[in-house]
Amino acid sequence: MKRKSFLALLLCVVLMLGAVPFSAAAEGEVVTLRFMAYNPAQSRATYLEFLADQLPGIEIVFEYVSLDDDFNGILNAQLEAGAGPDIIELGGETKLLAAAGRLLDLSDQEFVAKYAQAGLTPYTWEGKVFGTPLQSWYEGIFYNKAIFAEHGISVPKSLDAFIQVHKDLEAAGVKPQTMGASSWEPMMKQSIGVANNEFYSDPANAGFDALFNTSEVSLAESWLPAVTAWAKVIEEGCLTTDMLGMSYEQAQAEFASGGAAMWESGPWAESDLFAANPDLDLGMFPIPGVSEGPGWLVGGPGSSLVINAKSEKIEAALQVLALTATPEAQIALTADWPGSSFLIGVNLDLGDVYADCAEAFAAGNVYAPWVAVWDFGNPVVEAYGKSLQEVLSGTKTVAEALADADRMNAIMIDEIKN
Amino acid sequence: MLLMALPAFIGFMTFFITPAVMSFGYSVTNWSVYRPEPSYVGLKNFQTLFSDAQALAAIEHSIRYALIMTVVQNTLAIFLAVLLNKKLMMANVLKTIFFLPAVLSILVVGYLFKFIMTSAPSGMLNSAIGAFGGAPVNWLGDPNLALYSVLATQVWQWTGWAMVIYIANLKSIDASLYEAARIDGAGPMQVFGRVTLPLLYPATSFNVLMSLIGGLKMFDAVYAMTRGGPGYASETIMTTMISTGFKAGRNAYACAFAVVFFVVVFTMSKAVTFVLNKWEAAIT
Amino acid sequence: MSKSVKNGLWSVLFAAIGAFMLIPIYYLVVNTFKTMEEATFRPLGLPLNPTFENYTTALQSMNFLRALTNNLTILVFAVLFLVLFSSMAAYAIVKGKTICSKVMYSIFLIGLIIPFQVTIIPLYRIAVGFGMMNTLPGVIIINVFCINLSLSIFLFRGFINTIPAEMEEAAAIDGCGVFKTFWVIIFPLLSPIIATVGILDALAVWNDFMTPLLFLQSPEKNVLLQEVHKNVGPFSTNWTVFLPMLVLSVLPMVIIFLILQKHIIEGVVAGAVKG
């Protein structure tokens, strides 16, 4: 008797646990797709609306997790668990996840051929295409045109001029540059912008990144002059240690309100900046190199759309990718995120804010090695960026920071290949 | 009879013991997000871990954090408890105030102090220091300070919790013991050292162990306030384990971290228990 | 100095310390009623024109009701199961008096030594195997078995040990079985420790961030802390809307604390003394 009542209780508990799952029953013919992304829904609003209009049979649940909030961690864990999203916006991790067999091979899909090769290379692993480019991204130095004009300052064309701008503004009582350096990203990107100018602009170095993937060459040897040149912005006091106590967003707020004249970021920040200050007179110039020139932007194919190989809704997901490969979709994408398209035959106007970048764009001076070619881009630039924070706080040298990046590269090669 | 323990036991074995054992097992493999089929690699992960300056720094931070947390929090809590135990006006209100932060989630406290301690112009703490004519301090961005800034918020949050436990302990001390000490001519400090402190043994042993283990486990506050930065200055065992395991996808390496974490927690709590037992033997 | 003057001085000192302790909370609350501008320039002043707009925006942006429902669901079930399972287990351990029950107890105690975080990576795999990923029951199970079970059993055991055996002997004479004895005789006697365990567990479950962060992905299943976490970025340029989110995510527990503070503090103390 007592056992029975006990079992009954146990059964109740099991039933309760079983009854709680809140899994909604599938209704109608509508397929629900989980779309996980590391850029917020606001930066895709027009595109998402376009998808909803064109694909009435598909409902997209957009899940935004920022990179800073462990996007990769959450995604990896979900894929590991076989519980991943159907469509994923993916950047530097694409090759790693493709190598692990997590992503659907898209090579044979018709829509893939509509993109320029430059947009597909970063998402190609062992000859197979696993992602299609969403659009390009680029990052330069945003500046407050009104402040520049007020103090008679013109856009700097060389690193020395860039440093001089800081000094002039400082002398005029204006905070020159703000940076949310509590995130490891901005310094990493700014220094790579200088590496673009000093290292990648030389055709002799075109094969460097491929060799870096097998650890045959090292950043510590090749990038040292470029990053040392960049580090002058630290030595000259353009970047200061108090920036380490400031987040990306706090810096953005400071720049938007006119509290600082320059801030490094990209077009995705535009809507936030104007929301905070509709009167902001915004411009952007490329990251300059040692000698005078058009400068370089950090960027390239920004992120790609990939499909989870274990998704149960591959057909619907493919429909979304195919629709994205149309000029209409590309225009919708750039409505909230000014940039260029990798879809062959689509040319988009960048707009006023980026007029100072025109020369750099015309010269094709946009590059981000860790996204474009590196196999282990994300972990390597994170190690590099965190070490640059230590360079700023004075506890590490540039050479040591580069060595840290090399070491992470070696660890990851070992992790995946041995 | 034992049937009654079954639901708890089965659940515990399935969801705690099994993964714990698996953690130990995986730590000697090369399992990663990018290599779903692991194979045995011996102690390689541990070799990597112990030759990695950043991993070692994270372990060192956790230990330093836990030790300082334990000492500061308990000293403050005993001080507050002894004084609040006197018949003060508003003693109960104060008790509520001191305890209140413990009810808040660590994450929320972390975000709140991130606003207060930021070096951005909106940072309240620096504005306050400025109002008194001081120079701004880079609370979260100075590598020599970041870990202690996080620690300070946690002391703020948990001292009240320890304090109420000390107060309860104090209330159980027989007043006649104080009388006797006073008749012997002991001053207030001597009374505290000879009577109060030894009799606070039960609360102290509990609180010390709790703050030690809590300190070693620190994750939420660092996550909210510094993300382990600047650089690696405030990385702890937990933040490193979560970021290598979940972010970089190096599962087996993260499991090795878990094993080291276990060893650290185990050794340190044993060491502290040993000291506490010595103390107990000495006072009885 | 006379005793009362001395006491008065201590009181003043303590009032000062108490006020100092409250500054961060005061800062948090007072700025929720201000505009960005006012908060930047007068961070500690009382609001000139108190506005509730920040709260309206915050309530909406964090899907307050939906997240609160998730929180409460997790809390209620987790605490319920914890109290049931651990009181039963503790009773069996105390009264079992066999090798088996001793071994069982030592196994439960391992949970006090091994931090749950050690298990987390394999646990993820197991959670998938059981279909617990991205479900509230998954988070409930982890909160029950992985985080709070050991301490709860430990506390119940300490209390049950103090219950005189005569109580049950009488019941046995009346012909009650073990199970009935537990429910009819023992369980009602446990109410003080049930309150303690319930309170400690409720606090732990409510303030747990790591489990929902790792195990709940769909927005509609997110709990309050996840909503707060998600909104850090989007509202950073508009942080007077973010501060109310912090307030709202802790408010339910603070209200409960202010009402039940005596019991909560007693619970914390009982937990420590029994431990």
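Residues numbered from 1 in each chain as written. Chains lettered and ligands numbered in written order. Predicted model: local features only at pLDDT ≥ 70, side-chain atom pairs only at ≥ 80, totals over all residues.

Some words on the overall build of chain B
Moving on, step 1. Scanning chain B from terminus to terminus reveals 13 helices and zero strands.
Moving on, step 2. Listing the helices and strands of chain B from first to last along the sequence gives α-α-α-α-α-α-α-α-α-α-α-α-α.
Moving on, step 3. Overall, the C-alpha framework of chain B stretches about 75 × 65 × 35 Å when taken along its three principal axes.
Moving on, step 4. For chain B, buried positions account for 54% of its 284 residues.
Moving on, step 5. Sequence separation of at least 24 residues holds for 70% of the intrachain contacts in chain B that already meet a minimum separation of 6. (Helix = DSSP H or I, 4+ residues; strand = E, 2+ residues; numbered from the N terminus. Buried ≥ 20, exposed ≤ 12 C-beta atoms within 10 Å, placed from the backbone. Contact = placed C-beta atoms within 7 Å.)

What to know about the overall build of chain A
Moving on, step 1. Of regular secondary structure, chain A possesses 20 helices and eleven strands.
Moving on, step 2. Relative to its length of 418 residues, chain A is compact, with a C-alpha radius of gyration of 24 Å against a globular reference of 22 Å.
Moving on, step 3. Overall size of chain A, expressed as C-alpha extent along the three principal axes, is 85 × 45 × 45 Å.
Moving on, step 4. At a minimum sequence separation of 6, the contacts of chain A that also span at least 24 residues come to 78%. (Rg over C-alpha atoms; globule rule 2.2 N^0.38 Å.)

Things to note about unusual backbone geometry
Moving on, step 1. The residue after G229 of chain B, namely P230 of chain B, is reached through a cis peptide bond having omega -5°.
Moving on, step 2. The topology assignment puts P230 of chain B in the loop between helix 11 (220-225) and helix 12 (237-247).
Moving on, step 3. Even without a glycine there, the phi angle at E126 of chain A is positive, about 50°.
Moving on, step 4. Position of E126 of chain A relative to the elements: it lies in the loop between strand 4 (124-125) and strand 5 (128-129).
Moving on, step 5. The phi torsion at R227 of chain B lies on the positive side, around 55°, for a residue other than glycine.

Quick look at the interface of chain A and chain B
Moving on, step 1. Taken together, the contact between chain A and chain B spans 33 residues of the former and 27 residues of the latter.
Moving on, step 2. Partitioning the side of chain A that touches chain B into residue classes produces 13 nonpolar, twelve polar and eight charged. (Nonpolar A, V, L, I, M, F, W, Y, C, P; charged D, E, K, R; others polar.)

Section: the packing of helix 1 (residues 6-26) of chain B against helix 6 (residues 120-129) of chain C
Moving on, step 1. Two elements in contact, helix 1 of chain B and helix 6 of chain C, have axes separated by 7 Å at closest approach and are oriented at 120°. As the angle between them shows, helix 1 of chain B and helix 6 of chain C are arranged oblique. Seen along the crossing, helix 1 of chain B lies across helix 6 of chain C with a hand that is right-handed. Residue-level contacts link F15, T18, P19, M22, S23 and Y26 of chain B of helix 1 of chain B to I121, P122, L123 and I126 of chain C of helix 6 of chain C. (Axes fitted to C-alpha atoms, helices over the stretch in contact; angles between N-to-C directions. Parallel < 35°, antiparallel > 145°, perpendicular 65-115°, else oblique. Left-handed = near helix turned anticlockwise from the far one by under 90°.)

Things to note about the confidence of the model for chain A
Moving on, step 1. The predicted model of chain A averages 86 in pLDDT, with 91% of residues at 70 or higher.
Moving on, step 2. Overall, residues 1-27 of chain A carries pLDDT values under 50, and its contacts beyond four positions in sequence, including any with other chains, amount to 18 contacts. (pLDDT = per-residue confidence, 0-100.)

A word on the nonpolar core
Moving on, step 1. Y166 and F257 of chain B together with A78 and A89 of chain C are the most contacted members of the largest nonpolar core, which totals 299 residues.
Moving on, step 2. With 17 residues, the top contributor of residues to this core is helix 7 (residues 136-160) of chain C.
Moving on, step 3. Excluding anything up to four places from it in sequence, F257 of chain B contacts L49, I237, T240, M241 and T244 of chain B. (Core = buried A, V, L, I, M, F, W, Y, C linked by C-beta atoms within 7 Å.)

A look at the pairing of strand 2 (residues 58-64) of chain A
Moving on, step 1. Sheet topology note: the strand 1 (residues 31-37) of chain A/strand 2 of chain A ladder contains seven bridges and is parallel. Residue pairing across strands places L33 of chain A opposite I60 of chain A, the latter belonging to strand 2 of chain A. (Pairing = 2+ DSSP bridges.)

Concerning helix 9 (residues 178-189) of chain C
Residues and elements named next belong to chain C.
Moving on, step 1. Compared with an ideal rise of 1.5 Å per residue, which puts twelve residues at 16 Å, helix 9 spans 15 Å between its outermost C-alpha atoms and is within 8% of the ideal.
Moving on, step 2. All of the buried residues in helix 9 are V178, F179, T181, F182 and I186. Down the axis of helix 9, the buried side of the element spans an arc of 135°, and every buried residue falls inside it. When the buried face of helix 9 is taken as reference, the exposed residues oriented beyond 90 degrees from it are V184 and P188. (Expected span 1.5 Å × (residues − 1). Arc of directions from axis to C-beta.)

A short note on the interface of chain B and chain C
Moving on, step 1. Of the residues lining the interface, 64 residues belong to chain B; the matching set on chain C comes to 69 residues.
Moving on, step 2. If you list the elements that add at least two residues to the side of chain B that touches chain C, you get helix 1, helix 4 (91-99), helix 5 (106-117), helix 6 (124-131), helix 7 (146-171), helix 10 (201-216), helix 12 and helix 13 (251-283) of chain B.
Moving on, step 3. In terms of residue count, the dominant contributor to the side of chain B that touches chain C is helix 1 of chain B (14 residues).
Moving on, step 4. Looking at the side of chain B that touches chain C residue by residue, the class counts come to 51 nonpolar, nine polar and four charged.

Quick notes on the pairing of strand 8 (residues 262-265) of chain A
Residues and elements named next belong to chain A.
Moving on, step 1. Alternating residues of strand 8 divide into M262 and E264 and W263 and S265, and every residue in both groups is buried.
Moving on, step 2. Two elements, strand 6 (residues 132-144) and strand 8, share four bridges in a ladder whose sense is antiparallel. Residue G140 lies in a different strand from strand 8, and its bridge partner there is S265.
Moving on, step 3. Of the pairings in the sheet, the one linking strand 7 (residues 177-178) to strand 8 comprises two bridges and is parallel in character. Note that in strand 8 the partner of Q177 across the bridge is M262.

Concerning the packing of helix 4 of chain B against helix 7 of chain B
Residues and elements named next belong to chain B.
Moving on, step 1. Between helix 4 and helix 7, the shortest axis-to-axis distance is 7 Å and the interhelical angle comes to 135°. Classified by the angle their axes make, helix 4 and helix 7 are oblique. Contacts from K95, F98 and F99 of helix 4 reach helix 7 at T159, G160, W161, M163 and V164.
Moving on, step 2. Residue composition of the contact of helix 4 with helix 7, grouped by class: five nonpolar, two polar and one charged.

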